[in-house]
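Here is what each chain is made of, one letter per residue.
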Amino acid sequence: MALLEVENLRTYFYTRGGVVRAVDNVSFTLEQGETMGIVGESGSGKSVTCYSLLGLIPRPPGKIVSGSALFGGVDLLNCPKEQLRRIQGKRISMIFQDPMTSLNPYMRVSDQLVEPLLVHDKMSRSQALTRAIASLEEVGIQDAANRINLYPHQFSGGMRQRVMIAMALISRPEILIADEPTTALDVTVQAQILELIRQRQKDLGTAVIFITHDLGVVASFCNRVNVMYAGRIVESAPTDEIFARPMHPYNASLQQSIPALHKKGQALFTIPGLPPDLTIEFRGCPFASRCAHAGEICKEQDPALKQIVPGHKTSCIRFQRGEIADVRIKNFVSAV
Amino acid sequence: MSIFLELENLKTHFPIYRGTIFRRQIGSVKAVDGVNLQVRKGEILGLVGESGCGKSTLARTIVQLIPTTQGAVILEGRNLSEISRAAVRAERVNFQMIFQDPYASLNPRMTVYDTLAEAIQTRQQIDKKLLLEKVGRLMRTVGLPANQMRRYPHEFSGGQRQRIAIARALAPEPKLIIADEPVSALDVSIQSQILNLIARLCREMQLTMIFISHDISVVKYISDRIAVMYLGRLVELGPATEVVEKPLHPYTKALVSAIPIPDPQVERRRQRIILQGDPPSPMSPPVGCAFHPRCPYAIAACKAQRPELEQKESNRFAACIRVGEI
Ligand SMILES: Nc1ncnc2c1ncn2[C@@H]1O[C@H](COP(=O)(O)OP(=O)(O)OP(=O)(O)O)[C@@H](O)[C@H]1O
Ligand SMILES: Nc1ncnc2c1ncn2[C@@H]1O[C@H](COP(=O)(O)OP(=O)(O)OP(=O)(O)O)[C@@H](O)[C@H]1O
Ligand SMILES: [Mg+2]
Ligand SMILES: [Mg+2]
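Bear in mind the structure is a predicted one, so any value in this text is a computation, not a measurement.

Colleague: Would you mind going over the domain arrangement of chain A with me for this structure?
Modeller: Reports of interface size often rely on the accessible area that becomes lost once the parts have come together. Residue and element names in this part refer to chain A. Under the domain assignment, chain A is made up of domain 1 (4-222) and domain 2 (247-335). Its C-alpha centre places domain 1 at a distance of 30 Å from the equivalent point of domain 2. At the junction of the two partners, domain 1 supplies 11 residues and domain 2 supplies 10 residues. Between domain 1 and domain 2, roughly 810 Å² of surface is buried when both sides are summed, and carbon and sulfur atoms account for 58% of that area. The three residues of domain 1 that bury the most area against domain 2 are R21, E41 and L215, which together make up 64% of that side's buried surface. Taken together, the links from domain 1 to domain 2 amount to two salt bridges. With five residues, strand β2 (residues 18-30) is the single largest residue contributor to the side of domain 1 that touches domain 2. Taken together, the residues of the side of domain 1 that touches domain 2 sort by class into five nonpolar, four polar and two charged.

Spelled out as structure tokens, the structure:
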């Protein structure tokens with residue numbers, strides 16, 4: 001059985017401007033020890049998906065409209081708050097996109113790091129402090145014994161992010177959810193952090209959900225990738241397949257936007273148009289209006305994720321019907 | 001081309017205290033420690049370097065959000081550390097900063113409209129109708145639908161908030177933008193859109209930009225020149241493509257070799273230069289070249305004296321005594 005099984009998750013926000021369908025029917029499974037990447041458009045529901053699993057959706061305006069998330073026999077979406085609290089921070093921990101959501105600006109880093117050890121692991125204070133210093137050293141913070149006494153604002157952006165990573169790893173979780181954990185880190189430190197997470201996976205069998213915009217990191221770090229667009233998973237495949245044989249035009253467009261593939265002075269490829277307004281209910285594929293391959297059917301039929309070859313699913317209707325074999329865009333003219 | 005911004009031996013140090021009752025200074029973090037740099041008008045200068053090396057501190061010192069410890073920031077011929085605080089404030093419409101952390105820099109109680117309208121009006125007072133139009137245009141520029149302008153920051157995703165921060169920096173039509181990791185929270189397509197926009201603005205409006213990022217392929221693409229920083233000092237400076245493709249300084253070499261490549265096949269086979277040892281602490285930097293403890297090419301002479309940033313080829317500068325030999 002999978003470690004985590006998410007089915008038909010829908011999370012909506014009821015705002016003045018209408019209902020924002022931030023996550024709209026998302027299903028996936030996570031196996032022990034694996035690393036699942038989530039990539040996708042900014043605003044496509046990656047963070048909200050993860051917040052939903054941890055009971056962190058502000059209500060109101062947010063509401064989990066449907067779905068289940070089974071983790072060791074417990075449905076995370078429908079269990080008592082008390083039970084969720086015991087799981088969260090201990091068996092599942094999260095590295096937030098915004099370091100300051102989990103760091104308290106008025107508390108020394110030392111106090112924030114030892115707290116879970118005192119509470120969950122019943123360690124003595126000096127034991128906990130030794131462990132906390134070691135965990136900062138693991139994420140490459142120099143002078144950890146001194147710096148642990150500083151406040152978050154006295155660290156650099158990347159160091160704050162690393163403090164948070166240390167905090168998320170200190171409780172030895174079964175699932176680590178990492179939301180853009182390395183965006184503020186240079187490549188050398190990033191490589192070090194990814195190696196640390198990989199090591200933990202080997203030692204403890206930790207499964208990782210890794211949200212990132214960096215397709216280079218995806219390529220080197222993830223076993224499997226889900227591509228999200230407008231609140232839905234539009235493609236899901238093993239990492240090699242995602243890059244070698246994209247089956248959804250959105251995924252292909254993403255890859256064509258990477259700056260490394262462009263010559264200097266040449267305008268970068270961008271996807272024309274805007275993502276759909278999630279407050280408006282629409283028929284058909286949410287990507288259709290921006291898609292170079294779209295046909296009439298894309299605007300009429302609601303897409304569903306279907307498996308094409310074992311392990312590789314796409315929601316592109318025309319690909320499913322065999323009408324397009326290659327979703328890449330040839331000879332693109334950039335929209336500047 | 002005229003020099004727009006000049007940094008002269010710029011230093012920013014943070015004192016570190018110990019103890020709560022008997023507070024005493026036990027040392028200082030030399031976050032920026034002697035930076036010399038000239039930026040031309042209309043130029044995009046990329047700034048890269050390890051986490052904690054002082055990039056954000058340098059940026060904040062240039063816009064005078066942190067006082068300089070020593071040295072000078074000279075903007076269009078005027079030394080900012082010598083003019084009054086009021087004069088600096090008046091100057092601020094001309095230089096905007098996009099902060100690394102968009103969450104902390106947006107006011108949670110102001111709608112997007114309020115934020116952008118305020119920013120536009122620091123430059124000029126204009127009537128409601130035109131203001132509304134301008135705000136709408138700004139939002140579309142950064143890829144956000146204009147009908148979301150009455151929303152509050154928490155109603156947006158991370159990348160959407162980052163775009164609001166970018167729009168706010170563009171709003172007063174500044175002459176200089178210092179962008180601290182402006183696109184790292186964005187997906188590659190939006191990122192491309194913003195990069196295209198920045199490139200166009202710099203070209204058309206002679207906007208000068210310092211672009212801080214850890215993503216070297218982004219920096220290489222967008223910048224005219226790249227400055228590489230290590231432990232508070234510049235170690236390499238030169239035209240963007242050359243610095244990335246033929247780095248002179250051993251630290252730049254290591255940095256370039258660690259760039260993740262979006263191809264799993266290549267990723268599995270490639271060789272990285274893994275730096276030995278840890279980045280040193282800016283509280284007690286190593287004597288001699290700050291990079292020598294981790295440098296594969298270090299010799300005895302590297303421990304003896306701190307190398308200065310020197311011209312090695314035309315337009316290319318590096319702070320390493322072994323450049324010709326390695
Ligand atoms: N409190 C809220 N009220 C209304 N809408 C919200 C709220 N929180 C999130 N949203 C909306 O839900 C959608 C999904 O947001 P989410 O944060 O999951 O995006 P994301 O995929 O993580 O994007 P990014 O890559 O930019 O972080 C966005 O369109 C956002 O505007
Ligand atoms: N207010 C402060 N008090 C004490 N030390 C500080 C303060 N602000 C920054 N520092 C220290 O100065 C050094 C440089 O920090 P800075 O934020 O400039 O780094 P950075 O290059 O921007 O790193 P990153 O890429 O991680 O954002 C770090 O060692 C940091 O701990
Ligand atoms: Mg997010
Ligand atoms: Mg910084």
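The rest of the description comes next.
Colleague: Can you help me understand the side chain of E235 of chain A in this one?
Modeller: Residue and element names in this part refer to chain A. Along the chain, the position of E235 falls in strand β10 (residues 232-238). R245 is the oppositely charged side chain nearest to the buried, salt-bridge-free E235, at an N-O distance of 8.8 Å. At 2.9 Å, the side chain of E235 and the backbone nitrogen of M247 are in polar contact. At a separation of 2.7 Å, a polar atom in the side chain of E235 contacts the side chain of H312.

Colleague: Explain the sheet that holds strand β12 (residues 316-318) of chain B to me, please; I cannot follow it from the model alone.
Modeller: Pairing between the strands of a sheet is mediated by backbone hydrogen bonds and can be parallel or antiparallel. All names here are of chain B. With mixed pairing, the eight strands of this open sheet are ordered in space as β6-β7-β8-β3-β9-β10-β12-β11. Looking at strand neighbours, the two that pair on one side only are β6 (95-98) and β11 (310-313), the edges of this open sheet. When the angles between neighbouring strand axes are averaged without regard to direction, this sheet yields 20°. Taken together, the six bridges between strand β9 (residues 225-230) and strand β10 (residues 233-239) define a ladder with antiparallel strand orientation. Within the sheet, the bridge partner assigned to I226 lies in β10 and is G238. Across the sheet, helix α7 (residues 188-205) is in contact with β3 (44-49) and β8 (208-212); its angle to β8 comes to roughly 150°. Against the sheet, helix α10 (residues 250-257) makes contact with β3, β9 and β10, and its axis sits at roughly 105° relative to β9, the strand it touches most.

Analysis parameters
- Residues numbered from 1 in each chain as written.
- Chains lettered and ligands numbered in written order.
- Predicted model: local features only at pLDDT ≥ 70, side-chain atom pairs only at ≥ 80, totals over all residues.
- Heavy atoms only, no water.
- Domains from an automatic or database assignment.
- Contact = heavy atoms within 4.5 Å.
- Buried area = accessible area lost by both parts, 1.4 Å probe.
- Salt bridge = Lys/Arg side-chain N within 4 Å of Asp/Glu carboxyl O.
- Helix = DSSP H or I, 4+ residues; strand = E, 2+ residues; numbered from the N terminus.
- Nonpolar A, V, L, I, M, F, W, Y, C, P; charged D, E, K, R; others polar.
- Buried < 20%, exposed > 50% of the residue type's maximum accessible area, 1.4 Å probe, protein only.
- Lys, Arg positive; Asp, Glu negative; His and termini not counted.
- Polar contact = N/O pair within 3.5 Å; in protein donor to acceptor, adjacent residues only side chain to side chain.
- Pairing = 2+ DSSP bridges.
- Axes fitted to C-alpha atoms, helices over the stretch in contact; angles between N-to-C directions.

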